[in-house]
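Descriptive analysis of the structure
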Amino acid sequence: MKKYFILLLTLVMVATPGFQTGAAQTEHSTLKTNTPQLRVDQTQLSITEERTIKVQVDFGKKVDLHKLQWTFGGKKLNEWRQWDDEAGEYSGSSFISINKKPNYSKKSTVIETEITFGLPYGTADLSPRTIRGLYPELVGEYKLEVQDIQSKKVASTTLKLNIYDEFTKYEEIKPTINDVFTKAKKDRYLEYKSLGTSSEGRDIHFVILAKDENAVDNYLTETLPTALSNPGSLLRKLEKGTMGDYQVPIWFNNVHPDEVEGVDGQLELLKKLALEDEISFKTTDDHGNEHDVTLKLNEVLDHVIILFNFTSNPDGRVANERLNAEEFDLIRDSAYQTQVETIAVSQELAKWTPLSFIELHGYYEEFIIEPATAPHNPNYEYDLLVDGLLGQAHAMGRAGIANSKFESYLIPHLDYESGWDDITPSYPTNFAMLQGSLGQVIEIPTLSQDSLYATFHLGLGAIDFVAKQKDALFKKQLTLFKRGIDGEDNREVDKWLVNAKGEEIGRNRGDYTNFFPDYYIIPKNRELQKNALEATNMIKYLLRHGLKVEETTTAVTFNGVTYPKGTYVVPMNQAKRGFIHAILYPGENLSDWEVTNDKIVVNFPALHGFDSVEVHQAKLFKDKTSPLTEIQKPETIIQSNVDTYIISNTNNDAIKVVNELLMDGKKVELVFKDAGKIQSGDYLVRTQDLLGYVNEYSLDVIPAESLLDTVELKQPKVAVLGSPESKFVIKELGFPIVNVEEATIIFDDAGNATKDSLRDKAYVGVGEGSLYFVKETGLLPGYDYHEGNNWYEALFQTDVEKSLYTAGYGAKEPFYVSSGTWITSVPPDADVLLTITDSDYFISGFWPGFEEAQGNVLAFTTYYNDQPFTLFANDLTFRAHTKHSYRLLANSFFLSSTKAD
């Protein structure tokens with residue numbers, strides 16, 4: 001029979017020998033008093049584990065045992081019913097019962113009985129989503145009461161009903177941390193910080209545990225900076241055995257707080273690591289033979305620093321939701337970083353660059369531990385990561401099953417052929433691997449007490465593995481960094497990069513011998529940069545991740561283009577060049593695979609709409625740049641002696657300021673005819689109105705020195721019938737979001753509109769749900785579309801028809817489609833806006849059969865019931881990352897409000 005370390009510890013803490021009374025009882029409760037006494041042998045009840053408690057009641061005299069009334073939380077025991085899934089209510093069998101008839105103890109007045117608290121949901125596994133949304137309503141403290149009906153006297157005590165004993169609500173996390181800090185061993189260094197606040201203002205709790213403060217300082221100020229700048233020097237020390245005392249970080253992470261063990265397992269680790277001298281646990285060897293391991297914590301902390309990010313999503317912990325308060329899944333935001341929580345956590349992750357990054361999840365039928373299947377991201381140095389990933393996976397899996405009822409674990413890399421890839425940089429673990437970490441997702445199969453045991457112990461397994469293998473693992477990480485600094489494209493990586501048939505394809509080097517460029521140029525000035533605001537935002541993104549960015553000190557010519565002094569340059573001879581390339585390069589074509597784990601297109605330049613240039617020419621900028629450490633947003637410069645200005649429709653700040661001006665009652669006019677440098681779709685405003693906004697927004701402005709053809713804009717009022725992403729983006733752009741009755745425009749990216757909702761309202765539909773709605777309702781004769789697949793995605797090169805709807809865009813632009821759809825025919829009176837080009841049209845993505853999309857329509861506009869009606873097959877707001885598409889959305893809204901031709 002297995003012994004569970006946490007269980008034993010729990011029993012010591014909450015089930016002390018003998019009986020416990022309610023909080024109101026005194027330490028002299030054994031004395032005869034007039035107050036009825038109720039004692040129990042344990043005060044913790046579990047929703048996932050049947051428990052029988054022994055009860056003693058003393059009314060001070062003998063009473064009629066048939067005249068006792070028992071209640072729990074004010075309800076009779078038999079009124080506590082199990083959940084009936086079919087009925088959708090608590091109407092099943094009673095799960096609380098007296099299983100030992102009350103009797104007097106010997107000749108005393110003490111009544112003894114036993115009460116069994118069963119499983120409210122009929123299962124010890126709460127992972128099904130139908131249950132996960134329910135159980136929080138049961139968690140809490142309840143009074144167990146017994147009343148002598150004849151005397152009306154009541155004896156009571158308080159019991160806590162919890163998911164499992166260690167479950168901690170968000171508001172209990174910080175007090176728990178504080179308690180640990182108070183009780184911690186004096187030879188442990190503990191540091192708390194809030195990484196930032198959630199969208200609803202809650203702290204993202206983060207704890208550092210180390211042997212002392214010097215260990216932390218030495219890592220952050222000496223070991224890591226040297227590893228990132230001169231890894232060769234540390235490699236030589238390791239080879240010679242002169243490295244001396246150093247530690248490497250292990251980061252535990254949770255992003256889905258309704259996968260509750262990911263939070264509670266970390267808190268249990270923190271308690272034991274801070275409060276104990278030794279921790280013993282079981283594991284198995286290669287042959288499955290069980291044996292004991294004892295972690296002597298002073299020795300372990302000579303090798304590792306432990307980092308706890310208890311959850312990236314505090315609001316989700318409070319709401320018991322996977323999503324954050326903006327309804328974004330943060331696991332898919334690590335690269336995009338649209339959410340405040342992701343920005344805070346990713347910046348800290350880059351600061352620490354941990355050797356190991358372990359993310360705790362649930363729930364699958366199997367106990368799953370990465371590494372993943374192919375296809376792998378070609379920007380990893382996968383040959384340097386895979387052995388460490390596999391070793392750590394086995395260490396965690398063996399500890400997990402040896403200390404729980406789980407009998408096995410699966411490693412996708414070994415046990416699956418495909419379907420669990422790690423190519424997207426969006427996941428935190430993959431994002432960490434691009435930093436050089438051993439990034440691994442753990443999927444616990446159940447939500448139960450047993451899963452908590454497995455989670456806690458796999459954490460111990462990882463700590464034991466890294467501490468024992470520290471030098472070998474750190475050598476691999478240093479070699480990874482050295483390849484980046486040396487510009488080495490090692491062919492050992494190629495064997496891990498295969499097609500769907502399992503054939504080695506290696507890195508796609510195109511016409512070059514090195515997969516990685518020597519530099520990225522990101523122009524700053526307007527003549528060479530179509531969107532200076534987004535270019536600046538990209539530089540800010542790189543800088544906050546500790547990456548090297550430079551600025552030219554003189555003009556430099558490349559491929560016939562002269563880039564002036566002050567041009568941004570990202571040198572690729574740096575330790576984390578794989579991360580830089582993963583977010584800036586065009587991406588991969590994975591269309592030969594049957595499925596991918598998630599969307600893979602990141603490509604910031606295309607999806608945010610700024611210009612960048614890959615440079616494969618070593619030393620082009622040698623001695624021609626200086627380091628950039630901070631950056632300011634581009635200024636908006638206007639002259640007060642000019643009466644009116646044009647705001648060019650070139651970036652998303654233009655949309656925001658126009659909306660703010662309209663909200664403040666200022667006059668804004670839309671230009672609908674080109675006039676020299678002024679383009680149709682630009683905005684005309686009075687200078688005195690604009691002056692109050694120029695410091696807040698980065699705008700491209702032109703003095704309006706002649707009469708222009710314009711129409712006055714009205715403030716669009718938008719009803720959003722669709723995704724949280726769309727609501728987030730539309731709010732971010734400053735459009736008022738209202739209900740359908742108040743709206744002038746229906747925005748629909750889910751097909752949630754109805755014919756009735758379109759009365760006297762314009763319609764802007766995006767994506768397959770909308771395309772389907774329009775077809776099924778027959779709103780537009782002559783219209784049809786190709787039904788897609790929600791797993792498919794592509795970044796397509798498109799031909800852009802000149803129109804007010806496409807104002808601010810060039811004749812050819814990349815646009816993103818996430819649903820495998822396109823428009824096959826348009827109504828006779830419609831104006832086509834976007835068409836997939838006939839050649840060189842597929843940039844990157846996963847879309848089996850994408851060839852059929854060639855030359856087809858992505859967007860058109862027409863009228864329905866005399867109201868503007870615009871359909872897009874491409875996704876304008878996908879994960880709030882397709883910022884280059886936002887102006888298509890804004891143009892449609894503004895034009896729909898004015899009904900301009």
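None of the values given here were measured: they were computed from a predicted structure.

About the criteria used
Residues numbered from 1 in each chain as written. Predicted model: local features only at pLDDT ≥ 70, side-chain atom pairs only at ≥ 80, totals over all residues. Heavy atoms only, no water. Phe/Tyr/Trp six-rings, centres within 6.5 Å; stacked < 30°, edge-to-face > 60°. Buried < 20%, exposed > 50% of the residue type's maximum accessible area, 1.4 Å probe, protein only. Helix = DSSP H or I, 4+ residues; strand = E, 2+ residues; numbered from the N terminus. Lys NZ or Arg CZ within 6 Å of the ring centre and 35° of its normal. Salt bridge = Lys/Arg side-chain N within 4 Å of Asp/Glu carboxyl O. pLDDT = per-residue confidence, 0-100. Contact = heavy atoms within 4.5 Å. Pairing = 2+ DSSP bridges. Axes fitted to C-alpha atoms, helices over the stretch in contact; angles between N-to-C directions. Parallel < 35°, antiparallel > 145°, perpendicular 65-115°, else oblique. Nonpolar A, V, L, I, M, F, W, Y, C, P; charged D, E, K, R; others polar.

Okay, the packing of aromatic side chains next. Inspection of every chain in the model, using the stated rule, returns 46 aromatic pairs. Ring geometry for Trp83 against Tyr90: centres 4.9 Å apart, planes inclined by 70°, an arrangement best described as edge-to-face. Judged by its relative accessible area of 26%, Tyr90 is partly exposed. Here the aromatic rings of Tyr763 and Phe773 are separated by 5.8 Å at their centres, their planes lie at 50°, and the arrangement is tilted. Placement of Tyr763 in strand S36 (residues 762-766) and of Phe773 in helix H21 (residues 767-777) is noted, with a sequence separation of ten residues between them. Side by side, Tyr763 and Phe773 carry an identical accessibility label, which is buried. In textbook terms, an aromatic cluster arises when at least three aromatic residues are bridged by ring pairs, as seen for Tyr792, Phe796, Trp822, Tyr841, Phe842, Phe846, Trp847 and Phe850. Over the face of the ring belonging to Tyr192 we find Lys174, whose NZ or CZ atom lies 4.4 Å from the ring centre.

At the junction of Gly362 and Tyr363, the peptide bond is cis and its omega measures out at 10° in the coordinates. Examined against the element boundaries, Tyr363 turns out to sit in the loop between strand S17 (356-362) and strand S18 (368-369). In this model, Ala374 is joined to Pro375 through a cis peptide bond whose omega is 0°. Turning to its location among the elements, Pro375 is positioned in strand S19 (residues 373-376). In this model, Asn559 sits at a positive phi of 50°, which is unusual for a non-glycine residue. The topology assignment puts Asn559 in the loop between strand S24 (556-558) and strand S25 (561-563). With a relative accessible area of 68%, Asn559 lands in the exposed category. Positive phi values are uncommon outside glycine, yet Asn865 reaches one of about 50°. By the secondary structure assignment, Asn865 is in the loop between strand S43 (857-864) and strand S44 (867-872).

Before going further, it helps to spend a moment on the pattern of salt bridges. Within the structure shown, the criterion is met by 47 salt bridges. Note that Arg879 and Asp598 form a salt bridge whose closest N and O atoms lie 2.9 Å from each other. One end of the pair, Arg879, is in the loop between S44 and helix H22 (886-898); the other, Asp598, is in the loop between helix H16 (577-584) and helix H17 (604-608), and 281 residues separate them in sequence. For the pair Arg879 and Asp598, a shared accessibility class is recorded, and that class is buried. The partner of Asp756 in a salt bridge is Arg759, with the nearest N and O atoms 3.3 Å apart.

Here we take up the confidence of the model for the chain. Close inspection of predicted coordinates is inappropriate in any region flagged by low pLDDT. The pLDDT averaged across the chain works out to 95; a share of 96% of its residues lies at or above 70. Note that pLDDT drops below 50 for residues 1-17; the model gives that stretch 34 contacts with residues more than four away or on any other chain. Taken together, the stretch residues 22-32 has pLDDT below 50 and engages in twelve contacts with residues farther than four places along the chain or on a different chain.

Next up on the list: the sheet that holds strand S5 (residues 68-72). Sheet architecture is open: five strands sit in the order S3-S10-S9-S5-S6, paired in mixed fashion. Both edges of this open sheet fall to strand S3 (44-46) and strand S6 (75-76), since each of them pairs with a single strand only. Pairing between S5 and strand S9 (residues 140-148): five bridges, direction antiparallel. Within S9, the position partnered with Trp70 by the bridge is Val146.

A few words on the packing of helix H3 (residues 170-183) against helix H6 (residues 261-275). The N-to-C vectors of H3 and H6 enclose an angle of 10°; their axes lie 9 Å apart at closest approach. Between H3 and H6, the crossing angle belongs to the class labelled roughly parallel. Side by side, H3 and H6 meet where Ile173, Thr176, Ile177, Val180 and Lys183 of the first sit next to Val263, Leu267, Leu270, Lys271, Ala274 and Leu275 of the second. Tallied by class, residues from the contact of H3 with H6 come to eight nonpolar, one polar and two charged.

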